[in-house]
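These are the residues of each chain, in order.
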Amino acid sequence: MNTECSKRNLTMLMDFYELTMANGYYVKGFKDKWAVFDMFYRSNPDNGGFVISAGLEQFIDYIEDLKFTDEDIAYLRSREMFDEGFLDYLKNFHFRGTIEAVPEGTIVYPYMPIVTVTAPVIDAQLIETMLLLTLNHQSLIATKANRICRQAGSSVVMEFGARRAQGPDAAILGARACYIGGAGATATVAADQLYGVKAVGTMAHSWVQFFDSEYEAFKAYAEIYPTDCTLLIDTYDIMDSGVVNAVRVAKEVLEPAGHRLKGVRIDSGDLAYFSKKLRKYLDKNGCEDCNIVVSNSIDEWLISSLNQQGAKINSYGVGERMITAKSDPVFGGVYKLAAVRQEDGSYVPRIKISENPEKITNPGKKILWRIYDNDTRHGFCDVLTLNDEEIIDGVPFDVKYPTKPWKEITLTNFHAEKLQVTIFDEGKLVYKKPSLQEIRDYVQKQLRDSVWIEEQRLQNPHIHYTDLSVKLYQLKEDLLENNHKS
């Protein structure tokens, strides 16, 4: 959907070197030379088993709105380093290339291309920052949210992190990403207004402190919101005051009017200990259906510990540790040149070589496949092939893992699917964006039906490999062996 975020002109949100390179390509006569770039990442956050790709919708919006205004051109001219022909070229600039990507919400793994851009080299270069910024942020947050939600099980996770997010966009789009990852609601009203992520919230300690007594605060709230009454009970004393007054309001205000106390929330103390005590007290006093909601620096590790302690918790409000992915707050997606297209339509592969083997890129125009076991229906590896190769269901196919050259595997008894779909075709949007609910459901379906439970472990998950076809592997080896710097 269109939002205030997408309506802004974000064209100039780019690294300066994208402009210096684009100007250089123009001056050297390469403005119509096409190139292939892959966006991928090298390691899973938090040493997890996978990543949930997110942010594609906002990247699509950016591409559709991409244009340089008169103010932009004037700024660039003021830097006195850009060719006038290049500045004239930017006045009528629009993206002309083809973008292929995995659908938003796809479970992805290291080294597989999440997005492939085939475009005039200037076009491909100028969009680098926004592509990385958009997908890196939301993929990170969606993945963190899913780690938390998996530990919460049937308990609801609510996103409470806006006030600790790194700015307005991080709060709003972070809430969107949390919903994709499995969170059931958000405290951020703008995320509801713009994206339909249900906004929830009751009261802060200030509400309780404002009244002359805790009971009066609870009574007033119950009278205003009788059908949705959750009370914050740890302002003074959880057991001797808070829950006592909450039950009193339930009996004296809500139940006579035909309503029930929906929940009690605590934001401090020993959450396992107090949740068990609260459950006993509530049940003893006829509030068996009253939910226990907790918040206070919660993450997947604390939830796992609470589960082990037998905590009686129905819902978690999770703030800073989810909205910032505090434990591992940087997602290292990168954007690398893979090939240059020739006049006859063929692709000349390009490779980046590094002293760090994990930074050596996979060259060429490629196809990304997911391989599913015919018996279990689970995806057991991904495979990169060159774009003239085909993997046919049931036909044995040899693959290699790039960092283990001795390990060659023949795939048998499998079903293969191409993971990327075409988003833009020569500048035209040809992809129908799914709804946010459809993206969220897609995540859950994959985790339920095709992702090994061993990959979903919190610690030491099973490794899902991105293998190379023998042909691509050999191309990579040849480029490494024949590399020269001249």
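Residues numbered from 1 in each chain as written. Predicted model: local features only at pLDDT ≥ 70, side-chain atom pairs only at ≥ 80, totals over all residues. Heavy atoms only, no water.

## So, a positive patch on the surface
Test applied: Grouping into patches uses exposed residues only, defined as over 30% relative accessible area, and leaves out salt-bridged ones; the cut-off is 9 Å for like charges and 5 Å for nonpolar side chains (Val, Leu, Ile, Met, Phe, Trp, Tyr). All accessible areas in this document rest on Shrake-Rupley with a 1.4 Å probe, and a residue is counted as covered only by the protein chains that are shown. Salt bridge criterion: a side-chain nitrogen from Lys or Arg within 4 Å of a carboxyl oxygen from Asp or Glu. Positive residues here are Lys and Arg, negative ones are Asp and Glu, while His and the chain termini are left out of the count. Taken as the charge centre is NZ of Lys, CZ of Arg, CG of Asp or CD of Glu, depending on the residue. Only runs of H or I of at least four residues qualify as helices and only runs of E of at least two qualify as strands under DSSP, and these elements are numbered from the N terminus. Burial classification: accessible surface area is computed with a 1.4 Å probe over protein chains only, and a residue below 20% of its type maximum counts as buried, one above 50% as exposed, and the rest as partly exposed.
A contiguous patch of positive charge, built from K276, K277, K280 and K312, is present on the exposed surface. Examined against the element boundaries, K280 turns out to sit in helix 13 (residues 271–284). Looking at K280, the relative accessible area reads 65%, which means it is exposed.

## A short note on the sheet that holds strand 20 (residues 428–429)
Our working rule: A pair of strands is treated as paired once DSSP finds two or more bridges between them.
One open sheet holds the 7 strands; their spatial order is 13-12-1-5-3-19-20, and the pairing between them is antiparallel. Two strands in the sheet have a free side with no partner beyond their single neighbour: strand 13 (347–349) and strand 20. The sheet contact formed by strand 3 (residues 98–101) and strand 19 (residues 421–425) spans 3 bridges and is antiparallel. Looking at strand 19, one finds that A101 is bridged to V421.

## Examining the pattern of salt bridges
Throughout the structure, instances matching the rule amount to 29 salt bridges. Between D382 and R370 there is a salt bridge, with its nearest N and O atoms 2.7 Å apart. Separated by 12 residues along the polypeptide, D382 in strand 15 (residues 379–386) and R370 in strand 14 (residues 366–373) bring together distant segments of the chain. Each of the two residues, D382 as well as R370, counts as buried. Where K471 meets D388, a salt bridge forms, and the shortest distance between an N and an O atom there is 3.0 Å. Highlighted residues: K471 in helix 17 (residues 470–481) and D388 in the loop between strand 15 and strand 16 (397–401), separated in sequence by 83 residues.

## Remarks on the packing of helix 7 (residues 128–152) against helix 8 (residues 168–181)
To keep things clear, this is the line we draw: Here the axes come from fitting lines to C-alpha atoms, over the contacting stretch only for helices, and the angles between their N-to-C directions go from 0 to 180 degrees. Roughly parallel covers angles under 35 degrees, roughly antiparallel covers those over 145, roughly perpendicular covers 65 to 115, and oblique covers all other angles. Working rule for handedness: look at the near helix, and if it is turned counterclockwise from the far one by less than a right angle, call the crossing left-handed; if clockwise, right-handed. What makes two residues a contact is simply this: any of their non-hydrogen atoms within 4.5 Å.
Where helix 7 meets helix 8, the axes come as close as 7 Å, and the angle between the chain directions of the two elements is 45 degrees. Of the possible angle classes, the one that applies to helix 7 and helix 8 is oblique. As helix 7 runs across helix 8, the sense of the crossing is right-handed. Seen from helix 7, the contacting residues are H137, Q138, I141, A142, A145, N146 and C149; seen from helix 8, they are A170, L173, G174, R176, A177, C178, I180 and G181.

## Comments concerning the environment of M81
Within the element layout of this structure, M81 appears in the loop between helix 4 (70–78) and helix 5 (84–91). Among the residues examined, M81 registers a relative accessible area of 41% and is labelled partly exposed. C-alpha of M81 to C-alpha of L480: the two residues are 399 residues apart in sequence and 36 Å apart in space. Among residues more than four places away in sequence, those in contact with M81 are F16, T20 and N23.

## Looking at the sheet that holds strand 21 (residues 466–469)
The 6 strands lie next to each other as 17-16-21-15-14-18, forming an open sheet whose pairing is mixed. The strands lining the two open edges of the sheet, one partner per strand, are strand 17 (404–411) and strand 18 (414–418). Here the average twist between neighbouring strands, direction ignored, is 35 degrees. Of the strand pairs in this sheet, strand 16 and strand 17 are connected by 5 bridges, and their pairing is antiparallel. Following the sheet pairing, Y401 is matched in strand 17 by K404. Packing of helix 17 onto the sheet brings it into contact with strand 14, strand 15, strand 16, strand 17 and strand 21, and relative to strand 21 it is tilted by some 85 degrees.

## Here's the deal with the packing of helix 4 against helix 5
Taken N-terminus to C-terminus, the directions of helix 4 and helix 5 make an angle of 165 degrees; their axes are 10 Å apart at the nearest point. The pairing of helix 4 with helix 5 is recorded here as roughly antiparallel in orientation. As helix 4 packs across helix 5, the resulting crossing turns out to be right-handed. Residues I73, L76 and R77 of helix 4 touch helix 5, and the partners they reach there are E84, L87, L90 and K91.

## Some remarks on the pairing of strand 15
Most of strand 15 sits out of view: 7 of its 8 residues are buried. Looking at chain direction, strand 14 and strand 15 are connected through 7 bridges and run antiparallel. When the sheet's bridge partners are listed, K366 is paired in strand 15 with L386. Inspection of the sheet shows strand 15 paired to strand 21 by 3 bridges, in the parallel sense. Paired with V383 across the two strands is D467, which belongs to strand 21.

## Quick notes on helix 7
This is how it is decided: Any helix carries an expected span of 1.5 Å times its number of residues minus one.
When the terminal C-alpha atoms of helix 7 are compared, their 36 Å separation across 25 residues agrees well with the 36 Å that a helix rising 1.5 Å per residue should span. Burial runs high along helix 7: 22 of the 25 residues are buried. Looking at the residues trailing helix 7, positive phi occurs at G153, about 60 degrees.

## What about the packing of aromatic side chains?
Between two aromatic rings, the relevant description is the distance of the centres plus the angle of the planes. For clarity, the cut-off: Note on aromatic pairs: the rings of Phe, Tyr and Trp (six-membered ring only in Trp) are paired at centre separations within 6.5 Å, and the planes decide the class, stacked below 30 degrees, edge-to-face beyond 60, tilted for the rest. A ring has a charge above it when a Lys NZ or an Arg CZ is no more than 6 Å from the ring centre and no more than 35 degrees off the ring normal.
Following the criterion strictly, the structure yields 17 aromatic pairs and no others. Relative to F82, the ring of F16 has its centre 5.8 Å away and its plane inclined at 65 degrees; by these criteria the two rings are edge-to-face. Of this pair, F16 sits in helix 2 (residues 16–27) while F82 sits in the loop between helix 4 and helix 5, placing them 66 residues apart in sequence. Under the relative-accessibility criterion, F16 is labelled partly exposed at 29%. On the basis of relative accessibility, which here comes to 9%, the residue F82 falls in the buried class. Here the aromatic rings of Y221 and Y225 are separated by 4.8 Å at their centres, their planes lie at 45 degrees, and the arrangement is tilted. The buried category is assigned to Y221, whose relative accessible area is 5%. The rings of F16, Y26, F68, F82, F86, Y89 and F93 are connected pair by pair, giving a single aromatic cluster. Across the ring face of W34, the terminal group of R341 is positioned such that the distance to the ring centre comes to 4.2 Å. Geometry around Y179 places R440 over its ring, the cationic atom sitting 4.2 Å from the centre.

## A short note on the side chain of K400
For the record, the criterion: N or O atoms within 3.5 Å of each other form a polar contact, as long as, within protein, one can give a hydrogen and the other can take it, and as long as residues adjacent in sequence are counted only when both atoms are side-chain atoms.
Mapping K400 onto the fold places it in strand 16. Among the polar contacts made by the side chain of K400, one reaches the side chain of E408 at a distance of 3.3 Å. Beyond its immediate stretch of four places on either side in the chain, K400 contacts P405, K407, E408, D467, L468 and Y473.

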